[in-house]
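For reference, the chains in residue letters:
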Amino acid sequence: MAVLATESFSLAEGSYKLKENIFLEIGAPNLASGTLVSIVSVKYKEYPAHPSTPTTEDVTAIDPVGENISSNPTTPLTENTLEVDLDEPTELEKTQPYQQQLQTEQVTQNVDLNSNLTSAQNTPLPKPLTSNGSIPTSIEGKNDDVFSFLTQNVIKRKKTKNNLTKTTSSFVAKIIQNDNLTKILANRQNEDTYLFFNSGRTFCWVDLTNNPKDPLSKINFTKAHPICHDVNQLTRSCDHLDVIIGFSSGDIIWFDPLCNKYYRLNKQGIINSSSVTMVKWVPGSENLFMASYQDGSVVIYDKEKDDQNFSPATTNEEDGFRVARPSKNGKHNPVSYWQVSKKAVTAFAFSPDCQHVATVSIDGFLRIIDFKQETLFDTYSSYFGGFSCVCWSPDGKYILTGGQDDLVTIWAFREQRIVARCQGHQSWVTGVSFDPWRCDERNYRFGSVGEDTKLLLWDFSVNALHKPKSAGSHRRSSLASQSHVSTVLRRNLVEREIIKNTIHPCLPRSEVAILQPVMDKSIDGDPLCSLTFREDSIITTCRKGHIKIWARP
C-alpha cells in the first residue's frame, strides 16, 4: 500500500513543516545504499572599498576554528572573505558546553597516537574557539599531548591535480556544470550552505541557500556507485573545499568542487577492493580520514600520501580485532589498517573528544575502539541481528545504535552498560542522530529513521531511565541486577587500566528500560536512509533519492 506523503508533523515545541523536497531525475537510484547528504556552511562578508591600499587587517577574518584567512593583496578592494560562522557550529564547537563536565568526569589518558597516525601534517592546526570566542592554548579539558597528532611538522600541501572537465579517466563519465556557475560563485556575498549528495552513479553539489533544485554540478561515474561522502569542516574556505567520496569499488576520490579537480586514492582497490561503507574526516585534522569497508576493515588514510600495495597479515584469532601498519615513517597509505570484524562494518562515529571510535557491524556488535592506542575498549551485542548505524551524544556520555532488531538502543559509555531499548519502528533502523540544539546535561532529543518509511523522535531524561518498565518480580529482579552491575562497573572504572576489553552480553527484555517515541510519522513512500539535524531544520533522505528539509517551528 502506498504511503501518503505528509507535509508536517507536530511536537510540544510546535509544527515541523516540509520546506523543500529535492529530487533530481539523474538515472536509476542505488537501492542497496540509498542517498546520503553532506553539508557545509560558509559565510562571506562584503568589505567596502577604502581610499587607500587595503592592509591585511582590512581583509582578514577568522574561520569557525580560529584560522586567519588573508586575501591576496592584489585582489580588488571589495572581496568576498570567509568570516566566523557562529550559527553553524563545527563538531568541536558543538561539544564546548560540555567540555568542563568532560574534564571532571573522564579518566585522563596521557597517551599519544601511534607514530603512523601522527606523521606528516601540512600546517600546525588552529585551535577551536572557546565559548567566549577566544582561541584557547589547548582543547578545553584536554592536555596538548593527547592531541599531538593535530600539530605536526609543516610539509608542502598536495593539491587535487586532475581536472574533471579534461579527465580521460574511464572511472569518470562526465561532469555537468551549471551554466551560471562562474557568475554564482563570483556573486557570493552572504552565507552559502552547500549540500552534497549521491544518487545512483551521480554525485551532486547544490546551493541549499538559494536554489537547491538546480545543481551547481553533477558528476557521473561509469564503473562504481558513490556510496558515502564527507566534507572537511576544518579546511573549508571561500575558495577551497575538501570532499571525500567512497565508492562501491573501494575507490576513494578527494574532490574540490570549487576548483573542479580531484585525486583518486585506493585506485582499483590497491589497499582494499571491497565496497566502502562509510568515510569521515578525522575531526581536527586537515589530512587524515577514515573509511570502513564491506570486508570488516577500517582504514586510516592521509590525503597527502600516495598508495602502495598493502596486504595485512592474516591470523586465526577469533576476537576479530587487530591492527596492521606499514613501517614507521612510511610515505604511503595506509596510515593504519584495522581488521574490526569478519563481516561488514556498516558505520562508525568519533566521540566528541576524538578519544574513541564507535563501530557497528553486520555481525551484531557495537565495538568501541581507543583511537589513540588503537585497542579494543568495549564490545556490546545487539538484541537481534546486525547493526546499521551509530552516533554519540554531544557530551560523549551516550551512544545510539540501530539495526535489524527494529530497535534504537541507548548505551552509557562511561558506565559501560545498556540504558534503554527504544521501540517504535516496524522494520530495520537505518539512521540515528542526536539533536544538539535540544540536548542539555540532563535531557536529550534524538531521532531515527527506518525502512518502514518512518521518522521517529525521542526524548529521554537521565533520571527517568533508572528503572526498567516491567512488572512485579521482573522489576525487582531487574533493580537488584542493575544495582549489582553498577557496583561492578564502578569498580571497573577504577581498575580500567588493567581491563583491556569488556564483552557485554545481551541482557533480557525484563532487565532493560523501554522508551517510547514522542513523535511517530511516515514521511515518505520509500525506505528512509538518514537524518541530519540542523539549527533551523531536519533533513531526511530515502533510497530513491528524495531529500526532504523540514523547517523547525
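Not measured: the values here are computed from a predicted model.

Cut-offs and rules
Residues numbered from 1 in each chain as written. Predicted model: local features only at pLDDT ≥ 70, side-chain atom pairs only at ≥ 80, totals over all residues. Heavy atoms only, no water. pLDDT = per-residue confidence, 0-100. Contact = heavy atoms within 4.5 Å. Pairing = 2+ DSSP bridges. Helix = DSSP H or I, 4+ residues; strand = E, 2+ residues; numbered from the N terminus. Axes fitted to C-alpha atoms, helices over the stretch in contact; angles between N-to-C directions. Buried < 20%, exposed > 50% of the residue type's maximum accessible area, 1.4 Å probe, protein only. Core = buried A, V, L, I, M, F, W, Y, C linked by side-chain atoms within 4.5 Å.

Attention shifts here to the confidence of the model for the chain. Across the chain, pLDDT averages 78, with 70% of residues at or above 70. Residue range residues 46-155 is modelled with pLDDT below 50. Its contacts to residues more than four positions away, or to other chains, number 234 contacts. The low-confidence segment residues 469-498 (pLDDT under 50) makes 27 contacts with residues lying over four places distant or belonging to another chain.

Our next topic: the sheet that holds strand β32 (residues 443-450). Overall, antiparallel pairing links the 4 strands, which are arranged β31-β32-β33-β36 in an open sheet. Edge positions in the sheet fall to β31 (429-434) and β36 (519-522), since each has one partner strand and no second. The sheet shows a mean angle of 15 degrees between the axes of neighbouring strands, direction not considered.

Counting buried positions along strand β18 (residues 297-302) gives 6 out of 6 residues, so the element sits mostly inside the fold. Going residue by residue along β18, you find Ser 297, Val 299 and Tyr 301 tucked away on one face and Val 298, Ile 300 and Asp 302 tucked away on the opposite face as well. Between strand β17 (residues 288-293) and the antiparallel strand that follows it, β18, lie 3 residues; Gly 296 among them carries a positive phi value of about 95 degrees. Looking at chain direction, β18 and strand β22 (residues 336-339) are connected through 4 bridges and run antiparallel. The residue of β22 that forms the bridge with Ser 297 is Gln 339.

As a further point, take unusual backbone geometry. For the bond from Asn 333 to Pro 334, the omega torsion is 5 degrees, close enough to zero to count as cis. In this fold, Pro 334 is placed in the loop between β21 (332-333) and β22. Phi at Asn 266 takes a positive value of approximately 50 degrees, unusual for a residue other than glycine. Positionally, Asn 266 belongs in the loop between β15 (261-265) and β16 (276-281). You will see that Cys 354, though not glycine, has its phi angle at about 65 degrees, which is positive. Within the secondary structure layout, Cys 354 lies in the loop between β23 (345-350) and β24 (356-361).

By the element assignment, Asp 435 lies in the loop between β31 and β32. Its relative accessible area of 0% is what places Asp 435 among the buried residues. Beyond its immediate sequence surroundings of up to four residues, Asp 435 is in contact with Arg 445, Phe 446, Phe 533 and Arg 552.

With that out of the way, let us pick up the nonpolar core. Formed by 34 residues in total, the largest nonpolar core has its most connected members in Met 290, Trp 338, Phe 350, Leu 366, Phe 371, Val 390 and Ile 399. For this core, the secondary structure elements donating two or more residues are β17, β18, β23, β24, β25 (365-370), β26 (375-381) and β27 (387-392). Sorting elements by how many residues they give to this core places β23 first, with 5 residues. If sequence neighbours within four positions are ignored, Met 290 has contacts with Met 278, Val 279, Lys 280, Val 298, Val 299, Ile 300, Trp 338, Phe 348, Phe 350, Val 357 and Phe 371. Judged by nonpolar contacts, the second largest core, of 27 residues, contains Leu 164, Ile 175, Leu 185 and Phe 247.

Strand pairing within a sheet occurs via backbone hydrogen bonds; the two strands may be parallel or antiparallel. Pairing is antiparallel in the open sheet, where 5 strands are placed in the order β1-β2-β39-β38-β37. On the outer flanks of this sheet lie β1 (8-11) and β37 (528-533), each paired with one strand and no other. The mean angle between the axes of side-by-side strands here comes to 25 degrees, regardless of whether they run parallel or antiparallel. Looking at chain direction, strand β38 (residues 537-542) and strand β39 (residues 547-551) are connected through 5 bridges and run antiparallel. Bridge pairing in β39 places Thr 541 opposite Ile 547.

Among the 5 residues that make up strand β14 (residues 252-256), 5 are buried, leaving the element largely enclosed by the rest of the structure. Residues Ile 252, Trp 254 and Asp 256 line one face of β14 and the alternating positions Ile 253 and Phe 255 line the opposite face, and both faces are buried. Both strand β13 (residues 243-247) and β14 contribute to a ladder of 4 bridges, which runs antiparallel. Its bridge partner lying in β14, Ile 244 is registered against Trp 254. As consecutive antiparallel partners, β13 and β14 are separated by 4 residues, and within that stretch Gly 250 has a phi angle of approximately 95 degrees, a positive value. Note: β14 against β15, 5 bridges, orientation antiparallel. Looking at the pairing, Ile 253 lines up with Arg 264 of β15. Counting the residues in the hairpin turn of β14 and β15 gives 4 residues, including Asn 260, whose phi is positive at 65 degrees.

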